[in-house]
Amino acid sequence: MLNNSTLIPLMVVLPLIMAILVNFLHQKDKSVKFISIVSLIVFVIVPVVTLYGVHLFSGHLRTGSFPEISKMLIPEVYMGIVYSYGTLQKILMLVLTIITGFSVLTVINKKMISGVYVAMIFISLASTSAIMLADDIFNFFVFTEFLVVAQAALVIAVQETKSFKAAFKYMIFGTISGASILLGIALLLGSYGLLNITDLSNAIAAGGQLNSIGLSAVALLTLGWLYESGLFPFHIIKSNMYENAKPEISALLQVQSKFVLVAMAIILFRVFSGYALLKSVMLGFAIFTVVIGSVMALQQIELRKLLSYVAVSQAGLVAVGLGLGTSFGIAAGIFHAVNDVLSMAILFFVASFVYDKFKTTNLDQLREGLHIAPLVGFVMLLATLAISGVPPFNSYQSEWRLIQAATQAGLPELGILVILLSVATFVAIIKAFYMIFMRPGPEVEVNTEVRGTMTKAIIVILIIACLGIGLFPNVVYDPIYNFVLSLGV
Amino acid sequence: MFDYILLFAVALSALMAIIQENLYKSIIILTFESFSLAAIFHFLLATDVAAVQAILGAALLPGLFIVALYKTTKGRDE
Amino acid sequence: MDPFQVGSFLTAGILVVTGLWALLMMDNILKKIIGANLIGDGVNLVLISIGYRPGGFIPEVMHHFHATATPSDYSYLLEFGEFASNASYSLPFALVLTNIVIGASTLSVMLALAVVLYHKYHTLSVQKMFEGDE
C-alpha cells in the first residue's frame, strides 16, 4: 500500500469551491477576474506539489474481508473511497490545468464576463480531475454525469438555436449512456460485491471466466465509454458540441473528452483484464471513427466544423493505440493523446482569433489574412505541421511509436491507417490555412479593436511546448510507459 | 399480495404514460407511477430511498413538467 | 431467488425498455423527457432489488441493538452479527440516492431546453425542429 498522500482531494475540491464562489459573485466583474486568476495559479501548482500515493477517504484502511461469511473472492478489501495519484495522472493533470488556465484567461479578457460561465468551466475541470483520479467506480460514474451537465451548460451559453439543439441531443444520449454505465456497475456490484477498481480487478481475476452477467457488464460499460469519448456511433454528437461552443471553450472540451477516453479505457482494462474480445471491440470502433472522421473533415467548408471532425478522428487514433492491447500500444496511445490535445488547442485558439477578428469562420468568405495577422498565420502553419506528424514536432514521435506498436502487435495495416490519417489531416487543415491566410481576393472586413495579444501569447507558448516535447519526447514518454508496465494489463 | 399489485401498477402506468396523447393526463399518470415506485422501494426494505423518491419523483419533477407544459402550450410568443 | 425480487427485476426491465422506446421513437419532445425519467426509474429499481433480503428488516440500528455501541470502533458490528446477517444490504441505497438527485437535475436542464426550443420553433415536434440537420 502506498503512502497516504493528503493533497490529492484538493485537485477535485478546490475547483468545486471556486466554482461556487465565482457563481455567487456573478455580476461583479473585478472580483470574478481576480478570483479566477488566483485560482488558476493554485490549480496548476497543486498537481506539481502533491506526492504520489493513494488517498483513503475517512481513513478507512485496507482490511480483511472474511471470505467465509461474505463470500468475497479476495482476502483483503479497501473499506472506503480511494483516490490514487501516479505519474500518469500528474502529466495529464498538468496539461489539463494549463489548457484550462489558457481558456479561462481568454474568456475573462473579453468585455462581458459571466460568473456562471467561469463556474461551469471550473466544474468541468473538477469532474475531469476526479474521473482521472478515482479508484472507486461509482464515484467515477457520478463525475461523468457532472461532466455531461457542465459541458452542455458551456454550449448552451452561446445562446444560438444550433447550440441549443446540440446540447439537447448531447443530454438525451447522455441519459442513455449514464443509465448503461450505472446498470453495468449494478451488475458488477451484484456479482462481486465490490466497488473499488483495484479490488474488482483482483476479484474478477480470481473468479475465473466471466459468466453471462459479467459479459453484460462489459458490453454496457463499453457503450458508456463510446459515448463519453465521442467514438463511432456518437461521433456526430460530440463534433456538434465542438462546433457550436465558442472556439476557446472547444479547446477545453476536446482535452476533457480525450482524457476521459484514456482514463475510462484504463479502468476497463484493469477491471476486465483477462478478456481479449474487449480490446478487439474497442479497436474496431476506433478504426471506424478514424476513417469516418477524416473523410468528413475533408468535406467541410467551415473552419470550426472542420476542426471538430479532425478532433474526433484524432480521438479515434488514440483509441486505436489503446485498443491494440500491448503495453507499448497503450503507452503510445496515451502519449499521442497528450501531444494531440496541445496541437488541437493551438488550432482552436487560432479559430477563436479568426472568429473575433474577421467576424466569421466560413472559409468561403475569408481572404488574405496574412498581412493582417502574420504571427497567427505562421503559428497556424506550424500547428498544421505539428498535428500531422512532421518532425521535429511532437505528433511525429507519438505516431511513430503507434506505427511501431501496431507492427509489433501483428497488425501492420494499422500503421498504414495512421499514415493515411495524418495525410488527410494535413490536407484538410492546410486547405483551411490557405483559404484564411493566403488566398488572394477582395478585402474582408476586420474588427480593428481586437488586438488578440492574449491569444497570440497563448499559441506561441503552446507551439514552443509542442516543439519541446518533439525534441525531448522521453521526458513525457518514459513515465507513461513505466506507469502502463506497472498496471500489468 | 399488495406488493405484486404495485409492481403490476408501475409497469402498466409507465406504458400508459407514454401512449397517452394528452400531455396533462400523461404527467398525472407519471406521478402515480413514481408514487407506486416509492411504495415498492419500501417493500424492498429501503424506506429512506422511498422517502426521497416520493418527494422528488412525485412532487418536484411533476411540478417542473407542468410548468414546462404550461409554457409550451399556452403560446406565449415573446 | 425470492419471487418478489424476480418480479421487481422484470418490472425494472419493462421500465427501461419502455423508457428507451419513448426516448428514441416518440416525436413529442416532452414524451422523450418522460422516457428519460422512466429509464432512470428502471435502473434505480434494479439497484435496490439487488440489496433485498427476503424476510429481513430495514437497516436502521434499532433501539435494543444500540444500547452499548460506541460510534468510533468497529467491534460492535461483530456482536451485532445477527443484525448484519438479517438486514438488507444497504450499499446500493447510497448509489440510488445519488442517482435520483442526478436524474432530477439532468431532467430539469432538459425541460428548460425544451421550453427554449419551443419559443424558437413554436412546435413540440422533434421532426420539425431537427429538419435541416444532416
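Below you will find a few notes about this structure.

Reading guide: rules and limits
Residues numbered from 1 in each chain as written. Chains lettered and ligands numbered in written order. Predicted model: local features only at pLDDT ≥ 70, side-chain atom pairs only at ≥ 80, totals over all residues. Heavy atoms only, no water. Core = buried A, V, L, I, M, F, W, Y, C linked by side-chain atoms within 4.5 Å. Buried < 20%, exposed > 50% of the residue type's maximum accessible area, 1.4 Å probe, protein only. Helix = DSSP H or I, 4+ residues; strand = E, 2+ residues; numbered from the N terminus. Contact = heavy atoms within 4.5 Å. Pairing = 2+ DSSP bridges. Buried area = accessible area lost by both parts, 1.4 Å probe. Salt bridge = Lys/Arg side-chain N within 4 Å of Asp/Glu carboxyl O. Polar contact = N/O pair within 3.5 Å; in protein donor to acceptor, adjacent residues only side chain to side chain. Axes fitted to C-alpha atoms, helices over the stretch in contact; angles between N-to-C directions. Parallel < 35°, antiparallel > 145°, perpendicular 65-115°, else oblique. Nonpolar A, V, L, I, M, F, W, Y, C, P; charged D, E, K, R; others polar. Expected span 1.5 Å × (residues − 1). Arc of directions from axis to C-beta.

In this section: the nonpolar core. Residues and elements named next belong to chain A. Ranked by size, the top nonpolar core spans 243 residues in total, and within it Trp225 and Phe272 carry the most contacts. The biggest single contributor to this core is helix α14 (residues 327-358), with 21 residues. Once residues lying within four places of it in the same chain are set aside, the contact partners of tryptophan 225 are Leu231, Leu261, Met264, Ala265, Leu268, Met282 and Ala319.

So, about unusual backbone geometry. A:Pro392 follows A:Pro391 through a cis peptide bond whose omega is 5 degrees. Of note in the backbone geometry, A:Lys359 takes a positive phi value of approximately 60 degrees without being a glycine. On the basis of relative accessibility, which here comes to 47%, the residue A:Lys359 falls in the partly exposed class. In this model, C:His122 sits at a positive phi of 55 degrees, which is unusual for a non-glycine residue. Positionally, C:His122 belongs in the loop between α5 (91-121) and α6 (126-129). Looking at C:His122, the relative accessible area reads 45%, which means it is partly exposed.

Residues and elements named next belong to chain A. In strand β1 (residues 53-56), alternate side chains face the same way, and those of Gly53 and His55 on one face and Val54 and Leu56 on the other are all buried. Direction of pairing for β1 relative to strand β4 (residues 82-85): antiparallel, over a ladder of 4 bridges. In the strand pairing of β4, glycine 53 is matched with tyrosine 85.

The next thing to look at is the interface of chain C and chain A. Taken together, the contact pairs 32 residues of chain C with 27 residues of chain A. Here chain C meets chain A over a buried area of about 2800 Å², counting both sides, of which 82% is carbon and sulfur. In this structure, the connection of chain C to chain A is made through 0 salt bridges. Where chain C meets chain A, there are 2 residue pairs in polar contact (both at pLDDT 80 or more).

We now examine the packing of helix α6 (residues 137-156) of chain A against α5(C). Taken N-terminus to C-terminus, the directions of α6(A) and α5(C) make an angle of 10 degrees; their axes are 11 Å apart at the nearest point. Viewed along their axes, α6(A) and α5(C) adopt a mutual orientation that is roughly parallel. On α5(C), the residues that touch A:Phe138, A:Phe141, A:Val142, A:Glu145, A:Val149 and A:Ile156 of α6(A) are C:Leu95, C:Thr98, C:Asn99, C:Ile102, C:Thr106, C:Val109 and C:Leu113. Taken together, the residues that form the contact of α6(A) with α5(C) break down as 9 nonpolar, 3 polar and 1 charged.

Residues and elements named next belong to chain A. Given a rise of 1.5 Å per residue, 19 residues ought to cover 27 Å, and the 27 Å separating the end C-alpha atoms of helix α18 (residues 453-471) matches this to within 8%. Taken together, the buried positions of α18 are Thr455, Ile458, Ile459, Leu462, Ile463, Cys466, Ile469 and Gly470. Projected down its long axis, α18 carries its buried residues within an arc of 130 degrees, all on one side. Counted as exposed and oriented over 90 degrees from the buried face of α18: Thr453 and Ile464. Lining the buried residues of α18 we find α4 (87-108), α14, α15 (374-388), α16 (394-408) and α19 (474-487).

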